[in-house]
Amino acid sequence: MSPVAITLSLLVFSIVMFVWEKIPLAVTAMIVCITLVVTGVFDVKTAFSGFINQNVILFVAMFVVGGALFETGVTDEIGGVVTRYARSEKQLIVIIMLVCGVLSGFLSNTGTAAVLIPVVIGAAAKSGYARSRLLMPLAFASALGGNLSLIGSPGNLIAQSALEHVGQRFGFFEYAKLGIPMLLCGILYFVTIGYKLLPGAHLVGDHKVENSRKVACPKYKKVIALSVLVLTVLGMIFEHQIGLPIAIIGSIGALSLVVTRVITEKQAYQSIDSQTIFLFGGTLALAKALETTGAGEIMARSIIDLLGQHASPFLLLSAVLVISCALTNFMSNTATAALLIPIGLSIANTMGADSRAVLMAIVVGCSCAYATPVGTPANMMIFSAGGYKFTDYVRVGLPLIVISIIVSFVLLPIFFPFYP
């Protein structure tokens, strides 16, 4: 079999096994990763490079930071402050999504989610609401917020760079023309239809048991844990000025908590969710295979070719959005954008369409990674903490994808017509 055929076969296998869930998702991801080596698609170094991906390093670091916040009881105190302003579960969801969405518009989506996850879990414990009903809105808001500004998502910058080569560009807040309505529609979705679809598994009980041993935690440990969280957030905000990637900033925060004995080495190791690491690292190999073997491009071009050279704007918009949405749920949104943007420019030139409109449709589609736990790093980070199943993402995420596409169909022709 050719590398493309093997990659597409493994994609189908992973989708089936993720939905079926007869074996753990992390095991499925590792089977795919190892199969890519056995079949010769990748060498060992390439296949396992996902395990040293900077997002994995950030995961580990923020698991430790979050673990320290839990051990010292800081999450419960922060949660108490948050819940003071929310008198119902729906109000709490709105607050969480607004805060996360706005921050994600200017910070790393992954970094924003990583910092807020412990806070949201603390709010769940303090309020008595199931964390599974709060973490998914948080993760999806981080993706929705990425469309608020030029720096909200790496895909936005890739599109800008590609546009500059053809003498065009997007304004800093031009993505917000679609991003703000999509974020507001996402919030509205979660307090109406999505609210009924959110899984209701209650995991609060175990957390309350833990609280009994946190009462005696020395105050200085709480101060250090909270200070590290604040400094980590500030470091992520000013990462470009500091000159360090957010994964390293998070790692410095995690190490400082162990060095100052706020959290023991054993507690730090216990706070790291190995399932998340193996699932994310393993699926990155499949995402890389889709990108490097050309399987993703073949899928995209096959659909585009079906449209013909004289497709209507509606068909072109539909195809671009559907392809982007489908691929981004199994590849990183950055990789999907990098793959599809050159194809999008080619389509625009061939059909005489506006490059800005085609690339905006691709960027919007690449943010719709709601239907799988591997769609975004944030989706993956909440997987174990929320006690989710693969089907939970499909049930809650697919309607949001449909809503996002409908909003795009309405707004794209207004703000970015394909044939101006």
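Reading the values: the criteria
Residues numbered from 1 in each chain as written. Predicted model: local features only at pLDDT ≥ 70, side-chain atom pairs only at ≥ 80, totals over all residues. Heavy atoms only, no water. UniProt positions renumbered as here; feature names shortened; annotations may be inferred. Helix = DSSP H or I, 4+ residues; strand = E, 2+ residues; numbered from the N terminus. Buried < 20%, exposed > 50% of the residue type's maximum accessible area, 1.4 Å probe, protein only. Polar contact = N/O pair within 3.5 Å; in protein donor to acceptor, adjacent residues only side chain to side chain. Contact = heavy atoms within 4.5 Å. Patch = residues over 30% accessible without salt bridge, like charges linked within 9 Å, V, L, I, M, F, W, Y side chains within 5 Å. Areas by Shrake-Rupley, 256 points an atom, 1.4 Å probe, with all protein chains shown as cover. Salt bridge = Lys/Arg side-chain N within 4 Å of Asp/Glu carboxyl O. Axes fitted to C-alpha atoms, helices over the stretch in contact; angles between N-to-C directions. Parallel < 35°, antiparallel > 145°, perpendicular 65-115°, else oblique. Left-handed = near helix turned anticlockwise from the far one by under 90°. Nonpolar A, V, L, I, M, F, W, Y, C, P; charged D, E, K, R; others polar. Phe/Tyr/Trp six-rings, centres within 6.5 Å; stacked < 30°, edge-to-face > 60°. Lys NZ or Arg CZ within 6 Å of the ring centre and 35° of its normal.

In the nomenclature of an unreviewed UniProt entry, the protein chain is known as SLC13 family permease of Pseudocitrobacter cyperus. UniProt's Subcellular location (unreviewed entry) comment on the protein chain is quoted here verbatim: "Membrane".

A. View of the side chain of asparagine 329. Its location among the elements puts asparagine 329 in the loop between helix 19 (313–328) and helix 20 (333–351). Given a relative accessible area of 4%, asparagine 329 falls into the buried group. Polar side-chain contacts of asparagine 329 include one of 3.2 Å to the backbone oxygen of cysteine 368. Asparagine 329 has contacts with Cys368, Ala369, Tyr370, Ala371, Thr372, Val374, Gly375 and Ile401, leaving out every residue within four places of it along the chain.

B. Broad picture of a nonpolar patch on the surface. Where nonpolar side chains cluster on the molecular surface, the patch consists of Leu226, Val230, Leu231, Leu234, Ile237, Phe238, Ile242, Leu244, Ile248 and Ile252 and spans about 820 Å² of accessible area. The topology assignment puts isoleucine 237 in helix 13 (residues 219–237). Owing to a relative accessible area of 36%, isoleucine 237 belongs among the partly exposed residues under this scheme.

C. Inspection of the packing of helix 4 (residues 54–72) against helix 22 (residues 377–385) at higher detail. At a minimum axis separation of 11 Å, helix 4 and helix 22 run at an interaxial angle of 40 degrees. Between helix 4 and helix 22, the interaxial angle falls into the category oblique. The interaxial crossing formed by helix 4 with helix 22 has right-handed handedness. Residues Asn55, Phe59, Met62 and Phe63 of helix 4 form the contact with helix 22, whose participating residues are Pro377, Met380 and Met381. Here the contact of helix 4 with helix 22 is composed, by residue class, of 6 nonpolar, 1 polar and no charged.

D. Examining the environment of glutamate 297 more closely. In this fold, glutamate 297 is placed in helix 18 (residues 295–307). Each C-alpha atom of the pair glutamate 297 and threonine 336 lies 9.6 Å from the other, and the pair is 39 residues apart in sequence. With residues up to four places along the chain from it excluded, the contact list for glutamate 297 reads Leu339 and Ile343.

E. Expanded view of the packing of aromatic side chains. Here the structure, examined in full by the defined rule, presents 14 aromatic pairs. When the ring of phenylalanine 106 is compared with that of phenylalanine 173, the centres are 6.1 Å apart and the planes differ by 70 degrees; the resulting orientation is edge-to-face. Remark: phenylalanine 173 occurs in the loop between helix 9 (154–164) and helix 10 (176–190) and phenylalanine 106 occurs in the loop between helix 6 (89–104) and helix 7 (109–127); sequence separation between them is 67 residues. Seen from their ring centres, phenylalanine 140 and tyrosine 370 are 5.1 Å apart, and the 50 degrees between their planes marks the pair as tilted. Of the two residues, phenylalanine 140 sits in helix 8 (residues 132–145) while tyrosine 370 sits in the loop between helix 21 (355–366) and helix 22, which places them 230 residues apart along the sequence. Classification of tyrosine 370 as buried rests on a relative accessible area of 0%. In textbook terms, an aromatic cluster arises when at least three aromatic residues are bridged by ring pairs, as seen for Phe140, Tyr189, Phe190 and Tyr370. Across from the ring centre of tyrosine 195, 4.7 Å away, lies the NZ or CZ of arginine 133, which sits over that ring.

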